[in-house]
Amino acid sequence: MDAGTKRGLVALASGALFAIGLVVSGMTQPANVIGFLDVTGDWRPALMFVMVGAIAVNAAVYRWVRGRRAPVLAETFSLPTQRDLDARLIAGAAIFGVGWGLGGYCPGPGVTALASGSLEAVVFVGSMVAAMWVVARIEKR
Amino acid sequence: MDFVSFGWALAGGVMIGAAAALLLALNGKIAGVSGILGGLVAPRRGDVAWRALFVVGLLAGGLVAFVVAPERFDASGAPALPLVAIAGVLVGVGTRIGNGCTSGHGVCGISRLAPRSIVATLAFMLTGALTVLVVRSLGGA
């Protein structure tokens with residue numbers, strides 16, 4: 001098997017494990033997400049532990065990755081290079097947060113929930129992807 | 001307190017972290033779902049296949065999970081469909097402007113202790129919580 005095929009299988013497996021993790025943690029139920037964000041109301045803090053678990057594992061592997069010149073199956077690491085804490089970053093994140101709190105879906109759980117055929121997931125992902133496409137078109141000009 | 005859901009959240013988080021770690025250590029890529037989708041709506045030559053396969057993996061993992069535990073996709077906590085559509089637009093625009101979402105900034109970025117991701121995560125958590133507060137005080141979903 002060539003490296004490209006292996007990389008493709010890794011991407012597929014990573015996506016599948018990612019989705020199952022989202023479902024196991026409860027992220028694909030908007031009520032859980034909205035309950036987690038409802039800090040001044042009937043707060044349901046459990047989803048905090050999604051971040052705790054994910055960051056613990058990923059940070060441990062990142063320490064190992066940092067000591068390497070290249071990933072196992074590719075030539076280079078594609079890591080973000082931007083450093084500036086600008087208004088664009090904060091405005092974008094703030095807008096995302098409003099949409100997240102409003103709908104109870106972020107991108108991963110939205111796409112994963114498409115598999116259930118729920119109309120909410122279809123509408124959410126459809127409008128999200130359309131908006132991403134429009135932003136990309138505007139920025140290309 | 002509901003220790004069962006804490007356990008599920010932690011277990012799911014570990015899976016999400018392992019999925020992101022797999023993609024980073026083997027392929028050298030960041031498992032940020034909005035970034036992966038963003039690269040599909042504005043494709044660049046040679047940078048499409050792994051993104052598409054990751055998304056196929058998300059859908060396949062979602063499908064397996066849906067067969068095993070359909071109740072985990074309960075969308076009844078989401079607001080009315082027009083609001084879901086608005087949420088999707090805000091998530092699409094916000095994540096492209098802010099270069100990431102809960103997975104890219106919240107999991108991968110914080111694992112690397114990237115200041116941009118820490119700031120972005122605080123910003124979307126804050127506006128997400130404020131949004132839930134406002135929606136709840138208006139008597140909505």
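Refer to the preceding data block for the structure.
Structural notes, computed from the coordinates.

Reading the values: rules and limits
Residues numbered from 1 in each chain as written. Chains lettered and ligands numbered in written order. Predicted model: local features only at pLDDT ≥ 70, side-chain atom pairs only at ≥ 80, totals over all residues. Heavy atoms only, no water. Helix = DSSP H or I, 4+ residues; strand = E, 2+ residues; numbered from the N terminus. Buried < 20%, exposed > 50% of the residue type's maximum accessible area, 1.4 Å probe, protein only. Contact = heavy atoms within 4.5 Å. Areas by Shrake-Rupley, 256 points an atom, 1.4 Å probe, with all protein chains shown as cover. Phe/Tyr/Trp six-rings, centres within 6.5 Å; stacked < 30°, edge-to-face > 60°. Lys NZ or Arg CZ within 6 Å of the ring centre and 35° of its normal. Patch = residues over 30% accessible without salt bridge, like charges linked within 9 Å, V, L, I, M, F, W, Y side chains within 5 Å. Salt bridge = Lys/Arg side-chain N within 4 Å of Asp/Glu carboxyl O. 1 Å grid on protein atoms, 1.4 Å probe; cavity = no way out; pocket = protein on both sides within 12 Å on 5 of 7 lines; lining within 4 Å. Points joined across faces, edges and corners; volume = space filled by probe spheres on them. Nonpolar A, V, L, I, M, F, W, Y, C, P; charged D, E, K, R; others polar.

Moving on, we come to the overall build of chain B. When helices and strands are tallied, chain B shows six helices and zero strands. In sequence order, chain B lays out its α and β elements as α-α-α-α-α-α. A burial count over chain B gives 54% of its 141 residues as buried. Residue pairs at least 24 apart in sequence account for 32% of intrachain contacts in chain B once pairs closer than 6 positions are excluded. Summed over all atoms, the accessible surface of chain B reaches about 5,900 Å², with 75% contributed by carbon and sulfur.

Now for the packing of aromatic side chains. Overall, the coordinates contain seven aromatic pairs over all chains when judged by the stated rule. An angle of 65° between the planes, with centres 4.9 Å apart, marks the rings of Phe96 of chain A and Phe124 of chain B as edge-to-face. Of the two residues, Phe96 of chain A sits in helix H4 (residues 87-103) while Phe124 of chain B sits in helix H6 (residues 115-137), which places them in two different chains. You'll find Phe96 of chain A and Phe124 of chain B in the same group, each marked buried. Taken together, a centroid distance of 5.4 Å and an interplanar angle of 40° make the contact between Tyr105 of chain A and Phe124 of chain A tilted. Taken as a pair, Tyr105 of chain A in the loop between H4 and helix H5 (107-113) and Phe124 of chain A in helix H6 (residues 119-140) lie far apart in primary sequence, 19 residues in all. Comparing Tyr105 of chain A with Phe124 of chain A shows no difference in burial state: the two are buried. An aromatic cluster of at least three residues, connected via ring pairs, comprises Phe96 and Trp100 of chain A together with Phe124 of chain B. One cation-aromatic arrangement involves Arg72 of chain B over Trp8 of chain B; the distance from NZ or CZ to the ring centre is 5.4 Å.

On the surface, Val39, Trp43, Met48, Phe49 and Val52 of chain A together with Leu10 and Val14 of chain B cluster together into a nonpolar patch covering about 560 Å² of accessible area. Elements with a contribution of two residues or more to the nonpolar patch: helix H3 (48-66) of chain A together with helix H1 (3-27) of chain B. Of the residues forming the nonpolar patch, the biggest block, three residues, is contributed by H3 of chain A. In this structure, Leu10 of chain B sits in helix H1.

This part is about empty space enclosed by the protein. Counted according to the given criterion, the structure contains two cavities of 30 Å³ or more. Of the pockets and cavities examined, the largest cavity occupies roughly 170 Å³. Around the largest cavity, the lining is made up of 19 residues, and of these Met27, Val50 and Met51 of chain A together with Thr102 and Val107 of chain B lie nearest the centre. Listed by contribution, the elements that provide at least two residues to the lining of the largest cavity are helix H1 (3-25), H3 and H5 of chain A together with helix H5 (102-111) of chain B. For the lining of the largest cavity, the residue count by class is 16 nonpolar, three polar and no charged. Reported here for the second largest cavity is a volume of approximately 40 Å³. In terms of lining, the second largest cavity is formed by Asn58 and Tyr62 of chain A together with Ala20, Leu24, Lys29, Ile30, Ala31, Cys108, Ser111 and Arg112 of chain B. Among the secondary structure elements, those contributing two or more residues to the lining of the second largest cavity are H3 of chain A together with H1 and H5 of chain B. For the lining of the second largest cavity, the per-class residue count stands at six nonpolar, two polar and two charged.

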